[in-house]
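Results of the structural survey
In case you want the letters, here they are:
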Amino acid sequence: MKKILVTFDMFREGFAELENKYEVTFPKGRDFSYDEISEMIPQYDVLCSMFDFPVDKALIDRGVNLKLIANYAVGYNNIDVAYALSKGLTVANTPDPVTAPTANLALGLMLDTARRITECDRKLRTLGKAMKVGVLENLGVSITGQTLGIIGLGRIGKALCKRARACGMNVIYNNRRPLYIEEETKLGASFVSMEELLAQSDFVSLNVPYNQDTYHIIGEPELKQMKPSAILINTGRGPLVDEHALVKALQEGIIRGAGLDVFEFGDYPLPELLEMDNVVLTPHIGTQTMDARIAMARAVANNVIGFLEGDRAVSRVLRP
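Per chain, residue numbering runs from 1 following the sequence as it is written. The predicted origin of the model limits local features to residues at a pLDDT of at least 70 and limits the giving and counting of side-chain atom pairs to 80 or more, whereas totals for whole chains, interfaces and linings rest on all residues. Calculation of side-chain values draws on the structure's entire complement of heavy atoms; hydrogens and water are dropped beforehand.

When helices and strands are tallied, the chain shows 13 helices and twelve strands. Here the radius of gyration uses the C-alpha set of atoms, whereas the globule reference equals 2.2 Å times the residue count to the power 0.38. On C-alpha atoms alone, the chain measures out to a radius of gyration of 21 Å, which is about the 20 Å that the 2.2 N^0.38 rule sets for 320 residues. Referenced to the eigenvectors of the C-alpha coordinate spread, the extents of the chain come out at roughly 70 × 50 × 30 Å. Residues are treated as being in contact if the distance between any of their heavy atoms lies within 4.5 Å. A sequence separation of at least 24 residues applies to 58% of the contacts in the chain between residues at least 6 apart. We get accessible surface area from the Shrake-Rupley algorithm with a probe of 1.4 Å; when it comes to residues, only the shown protein chains can shield them. For the chain, the accessible surface area stands at approximately 15,500 Å², while carbon and sulfur atoms represent 51% of it. The positive charge centre, built from 35 side chains, and the negative charge centre, built from 40, are 4 Å apart in the chain. By the criteria applied, helices consist of DSSP H or I runs no shorter than four residues and strands consist of E runs no shorter than two, each listed in order from the N terminus. Neither His nor the chain termini are counted; the positive set is Lys and Arg, and the negative set is Asp and Glu. Throughout, a charge is located at the NZ atom of Lys, the CZ atom of Arg, the CG atom of Asp or the CD atom of Glu.

Start and end points for every domain follow an automatic or database-based domain assignment. We note that the domain assignment places domain 1 (3–97 + 289–309) and domain 2 (99–281) within the chain. Centre-to-centre, using C-alpha coordinates, domain 1 lies 32 Å away from domain 2. At the interface, six residues of domain 1 touch five residues of domain 2. Buried area: the sum, over both parts, of the accessible surface (1.4 Å probe) that disappears when the two are put together. For the pair domain 1 and domain 2, the two sides together bury roughly 590 Å², of which 48% comes from carbon and sulfur. It is N77, P95 and D96 in domain 1 that bury the most area against domain 2; as a group they hold 56% of the surface buried on that side. Salt bridges, as used here, are contacts in which a Lys or Arg side-chain nitrogen is within 4 Å of a carboxyl oxygen on Asp or Glu. At the junction of domain 1 and domain 2, the tally comes to one salt bridge. Linking R155 and D96 is a salt bridge whose minimum nitrogen-to-oxygen distance equals 3.2 Å. The term polar contact refers here to a pair of N or O atoms within 3.5 Å; inside protein, the definition further demands a hydrogen-donor-capable atom paired with an acceptor-capable atom, and it admits residues adjacent in sequence only when both atoms are side-chain atoms. Seen at the junction of domain 1 and domain 2, the total is four residue pairs in polar contact (both at pLDDT 80 or more). By residue number, the principal contributor to the side of domain 1 that touches domain 2 is helix α5 (residues 95–115), which donates three residues. Here the side of domain 1 that touches domain 2 is composed, by residue class, of three nonpolar, two polar and one charged. Lys, Arg, Asp and Glu make up the charged group, whereas Ala, Val, Leu, Ile, Met, Phe, Trp, Tyr, Cys and Pro make up the nonpolar group; the residues left over, Gly among them, are polar.

The next subject is the layout of surface pockets. With a 1 Å grid laid over protein atoms only, a set of points is called a cavity when a 1.4 Å probe fits there but cannot get out and a pocket when it is open yet has protein on both sides within 12 Å along at least five of seven lines; lining residues have an atom within 4 Å of a point. Grid points are joined across faces, edges and corners, and a volume is the space filled by probe spheres set on the points. By volume, the second largest pocket amounts to about 160 Å³. Lining of the second largest pocket is provided by N93, T94, P95, D96, P97, R155, A299, N302, N303, A313, V314 and S315. At the level of secondary structure, the elements contributing two or more residues to the lining of the second largest pocket comprise α5 and α13 (290–309). Classifying every residue of the lining of the second largest pocket gives five nonpolar, five polar and two charged.

Turning next to the UniProt feature "domain: D-isomer specific 2-hydroxyacid dehydrogenase catalytic" (unreviewed entry) in the chain. UniProt marks residues 13–317 with the feature "domain: D-isomer specific 2-hydroxyacid dehydrogenase catalytic" (unreviewed entry), using the numbering shown here. Along residues 13–317 one finds 40% helix and 14% strand; the C-alpha atoms at either end are 25 Å apart. UniProt positions are given in the numbering used here, feature names are shortened, and annotations may be inferred rather than shown by experiment.

So, on to the sheet that holds strand β10 (residues 231–234). Within a sheet, adjacent strands bond to each other through the backbone by hydrogen bonds, running parallel or antiparallel. The seven strands are arranged β8-β7-β6-β9-β10-β11-β12 in an open sheet whose pairing can be described as parallel. Two strands close off the open sheet at either side, each with one partner strand: β8 (189–191) and β12 (279–281). The mean inter-strand angle of the sheet, taken between neighbouring strand axes irrespective of direction, is 20°. In this analysis, strands are considered paired if DSSP registers two or more bridges between them. An axis is simply a line fitted to the C-alpha atoms; with a helix, the fit covers only the stretch in contact. Between two such axes, the angle follows the N-to-C directions and lies from 0 to 180 degrees.

Here the focus is the UniProt feature "domain: D-isomer specific 2-hydroxyacid dehydrogenase NAD-binding" (unreviewed entry) in the chain. Sites flagged by UniProt as "domain: D-isomer specific 2-hydroxyacid dehydrogenase NAD-binding" (unreviewed entry) map to residues 107–286. Note that residues 107–286 is 36% helix and 16% strand, and that its end C-alpha atoms are spaced 11 Å apart.

Pairing in this open sheet of five strands is parallel, and the strands run β2-β1-β3-β4-β5 from one edge to the other. For this open sheet the edge positions go to β2 (23–25) and β5 (90–92), each flanked by a neighbour on one side alone. The mean inter-strand angle of the sheet, taken between neighbouring strand axes irrespective of direction, is 15°. Those strands touched by α13 are β1 (3–6), β3 (46–50), β4 (68–72) and β5, and its axis lies near 165° from that of β4.

Here the focus is empty space enclosed by the protein. The full count for this structure, using the stated rule, is three cavities of 30 Å³ or more. Computed from the structure, the largest cavity encloses a volume of approximately 40 Å³. The wall of the largest cavity is formed by N234, G238, V241, E243, L246, L260, V262, F263 and E264. Counted by class, the lining of the largest cavity contains five nonpolar, two polar and two charged residues.

Right, let's get into the side chain of D45. Inspection of the secondary structure assignment puts D45 in the loop between α2 (34–40) and β3. You can call D45 buried: its relative accessible area is 11%. Contacts of D45, omitting those with residues within four sequence positions, involve K2, K3, N65, L66, K67 and L68. Burial classes follow relative accessibility: with a 1.4 Å probe on protein chains only, a residue under 20% of its type's maximum area counts as buried, one over 50% as exposed, and anything between as partly exposed.

Aromatic rings from Phe, Tyr and Trp, taking only the six-membered ring of Trp, are treated as a pair when their centres fall within 6.5 Å; an angle between ring planes under 30 degrees marks them as stacked, one over 60 as edge-to-face, and anything in between as tilted. Within this structure, the stated rule accounts for five aromatic pairs. Ring geometry for F8 against F51: centres 5.4 Å apart, planes inclined by 85°, an arrangement best described as edge-to-face. Placement of F8 in the loop between β1 and α1 (16–21) and of F51 in the loop between β3 and α3 (57–62) is noted, with a sequence separation of 43 residues between them. Residue F51 is classed as partly exposed on the basis of its relative accessible area of 24%. Consider the rings of F51 and Y72, whose centres lie 5.2 Å apart with planes at 65°: the pair is edge-to-face. Placement of the pair is F51 in the loop between β3 and α3 and Y72 in strand β4, with a sequence separation of 21 residues. Three or more aromatic residues joined by ring pairs form one cluster here, namely F8, F51 and Y72. The ring of Y44 is capped by K3, whose NZ or CZ atom sits 4.9 Å from the centre of that ring. Any Lys NZ or Arg CZ found within 6 Å of a ring centre and within 35 degrees of that ring's normal is scored as a charge over the ring. Over the aromatic face of F26 sits the side chain of R12, whose NZ or CZ is 3.8 Å from the ring centroid.

Printed below as a string of structure tokens:
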């Protein structure tokens, strides 16, 4: 019987079919440590890497029977994909279940930052009646009629595009290559250069995968190309943005604000961001709904079963 090793124990409902078919090992606590996985992995055919669990060269080399790495996430920067593929392994991810919840959060961050929702809530709670209230106080900006620039028009970018268009926004985008004109027309989005996107957008949303080519895709030069009234949204990966440069840009009024679900240096933002009223912060909750988490577990299970049985599609990562 094939042996499956899962690095994190949660949402068994999503793994039910997998457990019925194979020998599946979950941690007795919440998760396995890297050293525990390293010790166990030689016995297993499949590794289900949950969240940001690191799957590096050393771990791959110890997986002498390993054939598949099934990642519980759409992003896979936690895996040395190039090395895994060079060793003949298959790497899979879970793009479909994360698309809608992440796009919803991106739209939520846009609305929140633009209309100062969290800022006003926080001030009412802390200042109470000392907060300035009036018809010309706490003015925000509308998203209707504004231009959204999406960097990375993949699944999540397209889902965000549809939501933005429903709110009456104009959408431009930049990809490594343009979409076919038929799909552009259907989405109502126009391809522009990166320079044009930064100069024209009232909101800029980052929806590219994180790799060596997209590291600091937004840094000091890019921030200076944006409108002073622009708002930056990042629901992708933290290192897409040079966070020190972002702090400086926000402090100096180079851009209006930012809505961030991810941070460059781990789970927490730079301290300066915590002090800014024009920044909305969430702790990497893009996919954190119960439904999405269960659906992601099912997607991992489907990838494993599809790979081993050949009876369903596998979401393969074909390159780093």
